[in-house]
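Take a look at the letters that make up each chain.
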Number of protein chains: 2
Amino acid sequence: MRTLGFIGLGIMGAPMAAHLIAAGHTVHLHTRSSIPASLLEAGGLACASATEVAQKADIVFLMLPDTPDVETVLFGANGVAAGLSEGKTVVDMSSISPVATKDFAARINALGCDYMDAPVSGGEVGAKAASLTIMVGATDNTFAALLPLLQHMGKNITLVGGTGDGQTCKVANQIIVALNIAAVGEALLFASKAGADPAKVRQALMGGFAASRILEVHGERMVNRTFKPGFRIALHQKDIGLALAGAKSLGLSLPQTASVAQLMQVCAAHGLEQSDHSGLVQALEIMGNHQLGAAAPSHTA
Amino acid sequence: MRTLGFIGLGIMGAPMAAHLIAAGHTVHLHTRSSIPASLLEAGGLACASATEVAQKADIVFLMLPDTPDVETVLFGANGVAAGLSEGKTVVDMSSISPVATKDFAARINALGCDYMDAPVSGGEVGAKAASLTIMVGATDNTFAALLPLLQHMGKNITLVGGTGDGQTCKVANQIIVALNIAAVGEALLFASKAGADPAKVRQALMGGFAASRILEVHGERMVNRTFKPGFRIALHQKDIGLALAGAKSLGLSLPQTASVAQLMQVCAAHGLEQSDHSGLVQALEIMGNHQLGAAAPSHTA
């Protein structure tokens, strides 16, 4: 059994590392603040730096907030790169820039090590339940070797392609989710302000080409006005930022994604960025001076 | 059995009227050009004007291209209104403005007649197979009385609400479908230009919150580049025009819908408005100078 390392033990990383420890692996741990006591009690081993984790482990997992954090932990002072030796593997499960990921992978490969990007979706609930969706960019061999470890943390695990393609897939996912939320928001708000019952419209649309997981789940949240997170607008805003920065570096125009970022800004301007992302409809409500489901002028006439 | 009338015998109206005739109803027919011979052979009765249809029929169905056509046929010279008498019913199955529909209904109600808006989705295929989705705005009584007739033409039939709400629901449907197509287009094109395989990305996304009928059906058309209609961009453009005109009259801002109308204009500018609406991705391809699935720069390096 190969020795593992896990760096970044926040809301997501802590339960993910716990699953690896529970499966019987030796797991060396490091995080920016303090290592949760529960992980040490379960048998996890504390390290003073990312370098120490990389020296002691064969496979080093990262679960960090954003691209600069991954760069610092990999290549900064006391970083992973300084502790790696040939034949080890770095698995980045953070959601970060696909473009930067290809650069990081090349620099890790140059040290004689493998690199896998494996961002997840499913949030804190999925991390705790070991039911995360995992989108993997790696070689076939690396994927085959690490799949049993990923299966301790997730259920729907896909090898999308080579290095960076896991991050690319995650960005594509976040684009569709944001734009589908905006689509449902505009459609239901139009129906509501025109005097129709948005709940009935949603129901009628579920049977046809407008059907989606977002219409089902987030559409219901809009109709019931349950905007407690869930997945916060502020976090989705970060992912849409990755999409727009990636598109800029690729020379690609994403007009709908650029526009949805502005709707998120409207939410932020009104202190709503901690709402669930279904609460994006509140931006449209503010702009249109009409609350979803409120009696429309045509009904009061 | 009440006597029927059907006005507007185009690609959609002709097969719909044929189903009513085949069910054994007496159906008085009128259309702007000439009545299809097959309908007369089946037993349909030709009328010289919309007025004559309204004089002879108890229930008058309309299936016309756009709002001004419905207004002319109802209230213009030799129109339906001139031939109606108390207790008759007008059923507009065209896809037109919800706002205008409420006005038309009030003017028909003033003559002592009922009004139902019952726009459809499912296209020519659905019309021929009698499998149309029908979104109805009407009173409960009118809906109950006419449901058996609608069932000769469609399968998924919903009473959304009062007069106009059927049209409102149809517009909401077309908003979501257009925006979900754009969402899938931007996500897959991002993935492709970043060097990932859009077919694999689509597959990976089908299991999560990005899942939709559009990702399934139109996403596959994009990946395979099968843009033969289907439902033409030019027709969807008309529906998005209804959404934006409706939003303007309601005092509502629909930024994503407004932006998708511009992508449709890009298609029109390049002679692509007769493509299937999944071909909207071609606007993004032109703008981003990258064809979906083409080898990306990162792969040729």
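Residues numbered from 1 in each chain as written. Chains lettered and ligands numbered in written order. Predicted model: local features only at pLDDT ≥ 70, side-chain atom pairs only at ≥ 80, totals over all residues.

Q: Before we move on, could you go through the overall build of chain A and cite the residues and values that matter?
A: A tally of helices and strands in chain A yields 14 helices and nine strands. The C-alpha atoms of chain A give 22 Å as radius of gyration, which agrees with the globular expectation for 301 residues (19 Å, within 12%). On the principal axes, the C-alpha backbone points of chain A span a range of 75 × 45 × 35 Å. A fraction of 64% describes how many contacts in chain A between residues 6 or more apart in sequence connect residues 24 or more apart. (Helix = DSSP H or I, 4+ residues; strand = E, 2+ residues; numbered from the N terminus. Rg over C-alpha atoms; globule rule 2.2 N^0.38 Å. Contact = placed C-beta atoms within 7 Å.)

Q: Pulling in residues and values, what's your account of the environment of C267 of chain A?
A: All names here are of chain A. Structurally, C267 can be placed in helix α12 (residues 255-269). Classification of C267 by C-beta neighbours within 10 Å gives buried; the count is 24. Along the sequence, C267 and D69 sit 198 residues apart, while their C-alpha atoms lie 26 Å from each other. Excluding anything up to four places from it in sequence, C267 contacts I233, L272, E273, S275, G279, L280, Q282 and A283. (Buried ≥ 20, exposed ≤ 12 C-beta atoms within 10 Å, placed from the backbone.)

Q: A description of the interface of chain B and chain A should follow, citing residues and the corresponding values.
A: Contacts between the two partners involve 67 residues from chain B, matched on the other side by 67 residues from chain A. The element contributing the most residues to the side of chain B that touches chain A is helix α8 (residues 165-193) of chain B, with 21 residues. In terms of residue class, the side of chain B that touches chain A is made up of 37 nonpolar, 23 polar and seven charged. (Nonpolar A, V, L, I, M, F, W, Y, C, P; charged D, E, K, R; others polar.)

Q: Help me get a handle on the pairing of strand β5 (residues 89-92) of chain A, residues and values and all.
A: All names here are of chain A. Taking every second residue as pointing to the same face, both faces of β5 are buried, with T89 and V91 on one and V90 and D92 on the other. One ladder, built from four bridges, connects strand β4 (residues 59-62) with β5; its direction is parallel. Opposite I59, over in β5, you have T89 as the bridge partner. Crossover connection from β4 via helix α4 (residues 67-75) to parallel β5: handedness right-handed. Two strands pair when backbone bridges link them, and β5 and strand β6 (residues 114-117) are joined in this way by four bridges, in the parallel orientation. Within β6, the position partnered with D92 by the bridge is D117. (Pairing = 2+ DSSP bridges. Right-handed = clockwise from strand over helix to strand, strands pointing away.)

Q: I'd like a description of unusual backbone geometry, backed by residues and values.
A: Residues P229 of chain A and G230 of chain A are joined by a peptide bond in cis, for which omega reads 5 degrees. Examined against the element boundaries, G230 of chain A turns out to sit in the loop between α10 (213-224) and α11 (233-250). Here R225 of chain A, not a glycine, exhibits a phi torsion of approximately 55 degrees, which is positive. Take R225 of chain A: it is sitting in the loop between α10 and α11. One non-glycine residue with positive phi stands out, namely A130 of chain B, at about 55 degrees. Classification of A130 of chain B as partly exposed rests on a count of 18 C-beta atoms within 10 Å.

Q: Go over helix α8 (residues 165-193) of chain A with me, naming the residues and quoting the values.
A: Residue and element names in this part refer to chain A. The end-to-end C-alpha separation of α8 is 42 Å, in line with the 42 Å expected for 29 residues at 1.5 Å each. The buried fraction of α8 amounts to 29 of the 29 residues, a majority that puts the element mostly inside the structure. Trailing α8 by a residue or two, G195 shows a phi angle of about 105 degrees, which is positive. (Expected span 1.5 Å × (residues − 1).)

Q: Outline the relation of the copies chain B and chain A, listing residues and values.
A: Superposing the two chain copies requires a rotation about an axis and a translation along that axis. Superposing chain B onto chain A requires a rotation of 180 degrees together with a translation of 0.0 Å along the rotation axis, leaving an RMSD of 0.0 Å. Such a turn and shift between the copies fits a two-fold axis. Within chain B, the C-alpha atom positioned nearest to the axis of rotation is that of S212 of chain B, 1.9 Å from it. Most of the interface of chain B is mirrored in chain A, where 100% of its interface residues are also at the interface. (Least-squares fit on C-alpha atoms with pLDDT ≥ 70 in both.)

Q: I'd like to hear about the packing of helix α9 (residues 198-205) of chain A against α8 of chain B, residue by residue, with values.
A: For the pair α9 of chain A and α8 of chain B, interaxial distance at closest approach is 10 Å and the crossing angle is 60 degrees. Comparing the axis directions of α9 of chain A and α8 of chain B gives the class oblique. As for how α9 of chain A packs across α8 of chain B, the hand of that crossing is right-handed. Contact with α9 of chain A, carried on its side by V201, A204 and L205 of chain A, involves C169, A172, N173 and I176 of chain B of α8 of chain B and no other residues of that element. Of the residues assigned to the contact of α9 of chain A with α8 of chain B, the class counts are six nonpolar, one polar and no charged. (Axes fitted to C-alpha atoms, helices over the stretch in contact; angles between N-to-C directions. Parallel < 35°, antiparallel > 145°, perpendicular 65-115°, else oblique. Left-handed = near helix turned anticlockwise from the far one by under 90°.)

Q: Can you explain the pairing of strand β8 (residues 132-137) of chain A? Please cite residues and give values.
A: Residue and element names in this part refer to chain A. With six of six residues buried, β8 lies mostly within the body of the structure. Judged from the two bridges that link them, strand β7 (residues 120-121) and β8 form a sheet pairing that is antiparallel. Each bridged residue has a counterpart across the sheet, and for S121 the counterpart in β8 is T133. Inspection of the sheet shows β8 paired to strand β9 (residues 154-161) by six bridges, in the parallel sense. The residue of β9 that forms the bridge with I134 is I157.

Q: Kindly report on the confidence of the model for chain A, identifying the contributing residues and their values.
A: Low-pLDDT stretches of the model should not have their predicted coordinates read in fine detail. In this model, chain A carries a mean pLDDT of 95, and residues with pLDDT of at least 70 account for 98%. As a predicted assembly, this complex carries a pTM of 0.92 together with an ipTM value of 0.92. (pLDDT = per-residue confidence, 0-100.)

Q: Account for α4 of chain A, with residues named and values stated.
A: Residues and elements named next belong to chain A. Those residues of α4 that fall on the buried side of the exposure criterion are T67, V70, V73 and L74. Along α4, the residues classed as buried sweep out an arc of 135 degrees about the axis, all on the same side. Buried positions along α4 lie against β1 (4-7), α3 (50-56), β4, β5 and α5 (98-109). (Arc of directions from axis to C-beta.)

Q: Which residues make up the environment of M12 of chain B, and what are the values?
A: Relative to the assigned elements, M12 of chain B resides in the loop between β1 (4-7) and α1 (13-22). Once residues lying within four places of it in the same chain are set aside, the contact partners of M12 of chain B are M63, E124 and A127 of chain B.

Q: How would you explain the environment of A268 of chain B if you had to name every residue and give the values?
A: All names here are of chain B. On the secondary structure map, A268 appears in helix α12 (residues 255-269). The class for A268 is partly exposed, based on 15 C-beta atoms found within 10 Å. Along the chain, A268 and K170 lie 98 residues apart, while their C-alpha atoms are 23 Å from each other.

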